[in-house]
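What follows is the residue order along each chain.
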Amino acid sequence: MPHATPMRLATTIRPYDWGSVTALPELFGTEPTGEPQAELWMGAHPGAPSTAGGVPLNELIARDPAATLGERCAERFGPVLPYLFKVLAIERPLSLQVHPTSAQAEAGFADENARGIPLDDYARTYKDAAHKPEMVCALTPFHGLCGFRPPAATAGLLARLGVPGLRPWIETLRTGEPGQALREVFAAMLGDAARPLRAETEAALLESRDPDLAAYAGIARACPGDPGVVAALLLHHVTLSPGEALYLGAGVPHAYLGGIGVEIMANSDNVLRCGLTSKHVDVPELMRVVDFTPSDPHRVEPAADGSGAYDYRPPAPEFALTRYDLAGTHALPGGVPAIVLCVAGEARVGDDLTLLPGQSAFVPAAAAPPGVSGKGTIYVARPGAFTL
């Protein structure tokens, strides 16, 4: 029967300039290529689909959505894998960015199509018509920026830099309505008129010995002269220990700064950037999409079953993630499209497939639920809780 067994995947590694040259080779026991290895993609996104038996996964799914995805998943999301699974290896900061809602993505994608902007154009903002909620789970110590800090707290942090020119922004943050104050100061920080003040603030960051400013000083060293350096001061700095996870919904500004993690998201490549990047920056559209409500970082606590399985269920129907610290045998959920990734040791999937670190397999919905065994750690991606 077609699609009745797990299928080994051949995957693509994206060489973005923020990636590490050595982290993935060291993690997976492979040879360095001499160029950054930033993102290992596992999934069916047309930008870099994985292949099974030499056939792109998106083509396999299009040929038989019911068998590959399962009827419930295909009915809910259409004939596409609803999630994209990645491994990130971050050597220097990623872009300061935000993701759109579904309605914003649909409108933006249609508008750029109507204006005739090619999908591969550098100035293209919307790559598809989907939203992109995402969750990252740390494999090593991992840190980033996530969500706006309460503006009064940020005012105090800025005051500690001792830069006189920051006083109007500090006053706005202390006295204004929080959302409006953040919008006003964020826009001003990114504007051309603030260039001299940004340079002065960046110099103060580099000289600071304040531990609460250390992460932002690191951004200044990595991205000198970038407008995003000062704007980053408005955001929470978040650290994750291995196994800890962070969820990012639409409109939440964020930037990953360092470490290795697995990331799962809706099957989209829509990113609006305003700094810390060599990629396309679209400040006006980002200002329209970003949510200026102060918010605490959304950590996702896994549910443990006592046998080495840790289930992460973020508030997104497209995806969920389970970590298995293998000892005995675990049965994977059946009837859903799953991707199994080995990150350490060795894992046996079903009767015939063995995965080493960095290797992955697609388990079609029509396959009998395979057992996984071995010694090591695997992550299993699947659609979210609506299917279970």
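Quick caveat, the model's predicted, so the values are computed rather than measured.

A. Quick peek at the overall build of the protein chain. In terms of regular secondary structure, the protein chain is built from 12 helices and 22 strands. Whereas a compact globule of 388 residues would reach a radius of gyration of roughly 21 Å, the protein chain reaches 22 Å, a difference of no more than 12%. Projected onto its principal axes, the C-alpha positions of the protein chain cover 70 × 45 × 40 Å. Look at the contacts in the protein chain between residues 6 or more apart in sequence, and 74% of them connect residues 24 or more apart.

B. Region of interest: the pattern of salt bridges. All chains considered together, the criterion is met by 13 salt bridges. Put simply, Lys132 and Glu134 hold a salt bridge, and the shortest N to O gap is 4.0 Å. Connected via shared salt-bridge partners are Arg160, Asp210 and Asp212.

C. Looking closely at helix H7 (residues 167–175). Buried within H7 are the following residues: Trp169, Ile170, Thr172 and Leu173. Down the axis of H7, the sector holding all buried residues measures 160 degrees, keeping them to one side. Turned more than 90 degrees from where H7 packs its buried face, Arg167, Pro168 and Thr175 sit exposed. Buried residues along H7 sit in contact with helix H6 (151–159), helix H8 (178–190), helix H9 (195–207) and helix H11 (228–231).

D. Spatial organisation of the environment of Pro15. When you line up the elements, Pro15 lands in the loop between strand E2 (12–14) and helix H1 (23–28). For Pro15, a relative accessible area of 41% corresponds to the partly exposed category. On a C-alpha basis, the gap between Pro15 and Glu35 in space is 6.7 Å, while along the polypeptide they are 20 residues apart. For Pro15, the residues in contact, after removing those within four places along its chain, are Glu35 and Pro36.

E. Inspection of the packing of H6 against H7 at higher detail. Where H6 contacts H7, the two axes come as close as 7 Å, and the packing angle between them is 155 degrees. Our classification of the angle between H6 and H7 gives roughly antiparallel. Both H6 and H7 take part in a crossing whose hand is left-handed. Facing Pro151, Ala152, Thr154, Ala155, Gly156, Leu158 and Ala159 of H6, the residues of H7 in contact are Ile170, Leu173 and Arg174. In terms of residue class, the contact of H6 with H7 is built from 7 nonpolar, 2 polar and 1 charged.

F. Region of interest: the nonpolar core. With 47 residues, the main nonpolar core has Leu161, Phe186 and Tyr216 as its most contacted residues. The residues touching Leu161, leaving out its near neighbours within four places in the chain, are Leu166, Thr201, Ala204, Leu205, Leu213 and Leu233. Listed in part, the 40 residues of the second largest apolar core include Met135, Val262, Ile339 and Tyr379.

G. Quick look at the environment of Thr154. With respect to the secondary-structure elements, Thr154 resides in helix H6. With 164 residues separating them along the chain, Thr154 and Glu318 place their C-alpha atoms 34 Å apart. Discounting chain neighbours no more than four positions away, the residues touching Thr154 are Arg149, Leu173, Leu233 and Leu234.

Rules used throughout
Going along each chain's sequence as written, the residues are numbered from 1 onward. At least 70 in pLDDT is required for a residue's local features to be given in this predicted model, at least 80 for side-chain atom pairs to be given and counted, and no such filter applies to totals for whole chains, interfaces and linings, which use all residues. Water and hydrogen atoms play no part in the side-chain values, which are based on all heavy atoms of the structure. Strands are runs of DSSP state E lasting at least 2 residues, helices are runs of H or I lasting at least 4, and numbering of each runs from the N terminus. What the globule rule says is 2.2 Å times the number of residues to the power 0.38, and the radius of gyration is computed from C-alpha atoms. Any pair of residues with heavy atoms lying within 4.5 Å of one another is described as a contacting pair. Whenever a carboxyl oxygen of Asp or Glu lies within 4 Å of a side-chain nitrogen of Lys or Arg, that contact is scored as a salt bridge. Only protein chains enter the calculation, and the probe is 1.4 Å; a residue is then buried if its accessible area is under 20% of its type maximum, exposed if over 50%, and partly exposed in between. Relevant arc is that of directions from the helix axis to the C-beta atoms, nothing else. A fitted line through C-alpha atoms serves as each axis, taken over the contacting stretch for helices, and the angle formed by two N-to-C directions is quoted from 0 to 180°. Throughout this description, any angle smaller than 35 degrees is read as roughly parallel, any larger than 145 degrees as roughly antiparallel, any in the 65 to 115 degree range as roughly perpendicular, and the remainder as oblique. In this scheme, a crossing is called left-handed if the near helix is turned counterclockwise away from the far one by less than a right angle; it is called right-handed if the turn is clockwise. Three classes are used, and their members are as follows: Ala, Val, Leu, Ile, Met, Phe, Trp, Tyr, Cys and Pro are nonpolar, Asp, Glu, Lys and Arg are charged, and the others, Gly among them, are polar. Definition of nonpolar core: a set of buried residues of the types Ala, Val, Leu, Ile, Met, Phe, Trp, Tyr and Cys, connected through side-chain atoms within 4.5 Å.

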